[in-house]
Amino acid sequence: TMVDPSGNESSATYFILIGLPGLEEAQFWLAFPLCSLYFIAVLGNLTIIYIVWTEHSLHEPMYIFLCMFSGLDVLISTSSMPKMMAIFWFNSTTIQFDACLLQMFAIHSLSGMESTVLLAMAFDRYVAICHPLRHATVLTLPRVTKIGMAAVVRGVALMAPLPFFIKHLPFCRSNILSHSYCLHQDVMKLACADIRVNIIYGLIVIISAIGLDSLLISLSYLLILKTVLGLTHEAQAKAFGTCVSHVCAVFIFYVPFIGLSMVHRFDKRHDSLLPVIMANTYLLVPPVLNPIVYGVKTKEIRQRILRLLHVTTHTSDP
């Protein structure tokens, strides 16, 4: 517990990350597939970035936004996976309070940035399909760069109050967290003070970021659908083809996020395995799936991946 000898409340100096509740014996072996997925995620997203970076024909808003999204995928999985592997393989369950705050801030701010980039990608598709003649003038490279910078600033600004809200909470209960990494919802439950401010802050962030972004993305696709229905069948197929990858990325990102938020709100059992599994899924599965979706569904990316594999294979031949 976190109570000093006189019985007064004390501040947290460290937390214990429990890993997978009830599966402590299996964690060592479960770490191998998780680690494999992590390397697939990093390799896949770095491949996307490399292809777009080296192919000048892909220096268009859609692919530049994809690069930003892939970079954020690498960062968000890297913010949690190394520590998770240390827990599973070396039983390194302790994390210092400031390190926990840093990890929490990184995960939540990067998630906000990803949501903003997804919104920017939806706006790009809206302009490209609904106002194709204006696309080149509306989404210039300098403007795309500014949108990327705005995504970073927005993600950081939304989460800037988070460390201060947590830092000033007294902790007098347990210092054991139920997840494999630090989450705001998990840490604030351990406080022995009124956490209504933290709860309200969390709701404001979710509504102003995830809620607003998902609403605007839905609106953009309603307008896209309205425009596409007035096109020929061939033009409809082409328009839908350019949107499929992004729609998949939206569902891959938002469904686990919303599911995790709902589970944290309604599942009151501290030792429940469901939110832990969903939290790990949220940080690891989207970075793995996104490069696969874009590699399979986007013709230009697919062709360059096949060309890259073909060159690599021939180079390695004796």
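Residues numbered from 1 in each chain as written. Predicted model: local features only at pLDDT ≥ 70, side-chain atom pairs only at ≥ 80, totals over all residues. Heavy atoms only, no water.

In the nomenclature of an unreviewed UniProt entry, the protein is known as Olfactory receptor of Sousa chinensis. Annotation of the protein in UniProt includes, under Sequence similarities (unreviewed entry), the sentence "Belongs to the G-protein coupled receptor 1 family." Annotation of the protein in UniProt includes, under Function (unreviewed entry), the sentence "Putative odorant or sperm cell receptor." (UniProt positions renumbered as here; feature names shortened; annotations may be inferred.)

## Description of empty space enclosed by the protein
In total, this model carries 2 cavities of 30 Å³ or more according to the counting rule given. The volume enclosed by the largest cavity comes to roughly 50 Å³. For the largest cavity, the full set of lining residues is M62, F65, M121, D124, R125, T242, H246 and Y294. For the lining of the largest cavity, the element with the most residues is helix 4 (residues 97-130), which contributes 3 residues. Of the pockets and cavities examined, the second largest cavity occupies roughly 40 Å³. Taken together, D73, I76, E114, F253, Y282, L283, P286 and P287 make up the lining of the second largest cavity. The set of elements that each furnish at least two residues to the lining of the second largest cavity consists of helix 2 (61-78) and helix 11 (274-297). The dominant element in the lining of the second largest cavity, judged by the number of residues it contributes, is helix 11, at 4 residues. Looking at the lining of the second largest cavity, its residues break down into 6 nonpolar, no polar and 2 charged. (1 Å grid on protein atoms, 1.4 Å probe; cavity = no way out; pocket = protein on both sides within 12 Å on 5 of 7 lines; lining within 4 Å. Points joined across faces, edges and corners; volume = space filled by probe spheres on them. Helix = DSSP H or I, 4+ residues; strand = E, 2+ residues; numbered from the N terminus. Nonpolar A, V, L, I, M, F, W, Y, C, P; charged D, E, K, R; others polar.)

## What to know about the pairing of strand 1 (residues 14-17)
On strand 1, burial follows the alternation: F15 and L17 on one face are buried, whereas Y14 and I16 on the facing-out side are not. Pairing between strand 1 and strand 2 (residues 94-96): 3 bridges, direction antiparallel. Looking across to strand 2, one finds that Y14 is bridged to Q96. As defined by bridge partners, strand 1 adjoins strand 3 (residues 176-177) across 2 bridges and the pair is classed as parallel. Paired with L17 across the bridge in strand 3 is L177. (Buried < 20%, exposed > 50% of the residue type's maximum accessible area, 1.4 Å probe, protein only. Pairing = 2+ DSSP bridges.)

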